[in-house]
Amino acid sequence: DDGRAGLFAAWIYTFVPLTFIALSWGIYANIYGQFWTLLLVVTSVELFDRLPRARAFVVITLLLILTLLSHTSVFVSIVPLFAVWLGLLLVLGGMWRAHNWWAFVVSTLLAGVISYAVYYSHFVGLVAQGTTEIVSGSTDTTRGAVESLSLLQLLQPARTEFTAVPLYIYGFALAGFALLIYLTRRASTRGRFLLLTMLGAWFVAFALLIFARAELGFSSRYVNFVMPAVALCAGAAWSWLDARGLVGRAATFGLALLLSAQGLYHWFILVMFKYH
């Protein structure tokens, strides 16, 4: 509920080195898709309880369509995210607001059908064939094209995707998520419940994407996908720390300066010595 948490999350998301790597690699389609993903997630949490009112239904459906059409990897990420979120709402929230839940399901299915008809139907056969070859390992070309990595290799800190996010940010994200669980259990509100379940679904979908990367060799920029959730949780932890008096504010100020220095230094290295 503290506005400072959002400001800290925005600071973290802006200055974390991963942001500058995305710009340096030129994965602009992913960045474009990430923008629509963030807008969709925020709007879904905000408007969920206003369903099935026509205006809320139309807004969510249009955002779903735009997000699903933004990039193929976004499509792959959004499907498990919202599937897990709806599952958590059904299990943890019960059916006491079934009209909201079913309206969101209908909106999601409608957006999926429209996106498939407009765009994905034109090449889904090729993707399915390539996936089958990857799973079966039926061709030498496929074996050479896919980087074979075990689940443990994907999780090792030496990989670029993870080193682009300082370890202390992951630590604050875990602390922030635990803090949000505690606050929701102590004084539960509908808004907190929807936000917490969305963050939980985000992390579960992230784990599923890592598993898919290990098993199928399919990379969907999974660290970029989960970074907004990491930033939100870490921002909540920084907000709690900032409210602990002079020492807490000094610590938060120091952390903000440290992250800014790391991000800008990383950008300087990328521009001067690597990808430019």
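For the structure itself, consult the block above.
As the structure is a computational prediction, the values presented were derived from the model and not from experiment.

### Re the overall build of the protein
Okay, so step 1: Each helix and strand in the protein was counted, giving 14 helices and 0 strands.
Okay, so step 2: Taken from N to C terminus, the helices and strands of the protein fall in the order α-α-α-α-α-α-α-α-α-α-α-α-α-α.
Okay, so step 3: For the protein, the proportion of its 276 residues judged to be buried stands at 42%.
Okay, so step 4: By sequence separation, contacts in the protein at least 24 residues apart represent 76% of the contacts at least 6 residues apart.
Okay, so step 5: For the protein, the exposed surface amounts to about 14500 Å²; the carbon and sulfur share of it is 71%.

### Some thoughts on the packing of aromatic side chains
Okay, so step 1: Following the criterion strictly, the structure yields 16 aromatic pairs and no others.
Okay, so step 2: Centroid distance Trp11 to Phe15: 4.8 Å. Interplanar angle 40°. Geometry classified as tilted. In this pair, Trp11 and Phe15 are both assigned in helix 1 (residues 3-15), 4 residues apart and thus about one turn of the helix distant.
Okay, so step 3: The class of Trp11 is partly exposed, set by a relative accessible area of 36%.

### Side note on unusual backbone geometry
Okay, so step 1: Omega for the peptide link from Leu51 to Pro52 comes to 5°, which places this bond in the cis form.
Okay, so step 2: In this fold, Pro52 is placed in the loop between helix 3 (28-47) and helix 4 (54-70).

### As for the packing of helix 11 (residues 167-186) against helix 13 (residues 222-242)
Okay, so step 1: Look at helix 11 against helix 13: their axes get within 7 Å of each other, and the N-to-C directions meet at 70°. By the angle class used here, helix 11 and helix 13 are roughly perpendicular. For helix 11 against helix 13, the interelement crossing comes out left-handed. Side by side, helix 11 and helix 13 meet where Ile169, Tyr170, Phe172, Ala173, Ala175, Gly176, Phe177, Leu179 and Leu180 of the first sit next to Val223, Met227, Val230, Cys233, Ala234, Ala236, Ala237, Trp238, Trp240 and Leu241 of the second.
Okay, so step 2: For the contact of helix 11 with helix 13, the per-class residue count stands at 18 nonpolar, 1 polar and no charged.

### Let's talk about the pattern of salt bridges
Okay, so step 1: As enumerated under the stated definition, the model contains 3 salt bridges in all.
Okay, so step 2: The shortest N-O distance in the salt bridge between Arg50 and Glu46 comes to 3.5 Å.
Okay, so step 3: Glu46 sits in the exposed class, given a relative accessible area of 52%.
Okay, so step 4: Here Arg190 ties to Asp49 by a salt bridge, and the two come within 3.0 Å at their closest N and O atoms.

### Observations concerning a nonpolar patch on the surface
Okay, so step 1: A surface patch of nonpolar side chains, amounting to about 760 Å² of accessible area, comprises Leu264, Tyr265, Trp267, Phe268, Val271, Met272 and Phe273.
Okay, so step 2: With respect to the helices and strands, Met272 occurs in helix 14 (residues 245-274).
Okay, so step 3: Taking the relative accessible area as the measure of exposure, Met272 reaches 49% and is therefore partly exposed.

### Quick word on the side chain of Thr252
Okay, so step 1: Here Thr252 lies in helix 14.
Okay, so step 2: Exposure remark for Thr252: the relative accessible area of 1% places this residue in the buried category.
Okay, so step 3: Within the structure, the side chain of Thr252 is placed 3.5 Å from the backbone nitrogen of Asp242, a separation counted as a polar contact.
Okay, so step 4: Each residue touching Thr252, except ones within four places of it in the same chain, is listed here: Phe8, Trp238, Leu241 and Asp242.

Conventions used here
- Residues numbered from 1 in each chain as written.
- Predicted model: local features only at pLDDT ≥ 70, side-chain atom pairs only at ≥ 80, totals over all residues.
- Heavy atoms only, no water.
- Helix = DSSP H or I, 4+ residues; strand = E, 2+ residues; numbered from the N terminus.
- Buried < 20%, exposed > 50% of the residue type's maximum accessible area, 1.4 Å probe, protein only.
- Contact = heavy atoms within 4.5 Å.
- Areas by Shrake-Rupley, 256 points an atom, 1.4 Å probe, with all protein chains shown as cover.
- Phe/Tyr/Trp six-rings, centres within 6.5 Å; stacked < 30°, edge-to-face > 60°.
- Axes fitted to C-alpha atoms, helices over the stretch in contact; angles between N-to-C directions.
- Parallel < 35°, antiparallel > 145°, perpendicular 65-115°, else oblique.
- Left-handed = near helix turned anticlockwise from the far one by under 90°.
- Nonpolar A, V, L, I, M, F, W, Y, C, P; charged D, E, K, R; others polar.
- Salt bridge = Lys/Arg side-chain N within 4 Å of Asp/Glu carboxyl O.
- Patch = residues over 30% accessible without salt bridge, like charges linked within 9 Å, V, L, I, M, F, W, Y side chains within 5 Å.
- Polar contact = N/O pair within 3.5 Å; in protein donor to acceptor, adjacent residues only side chain to side chain.

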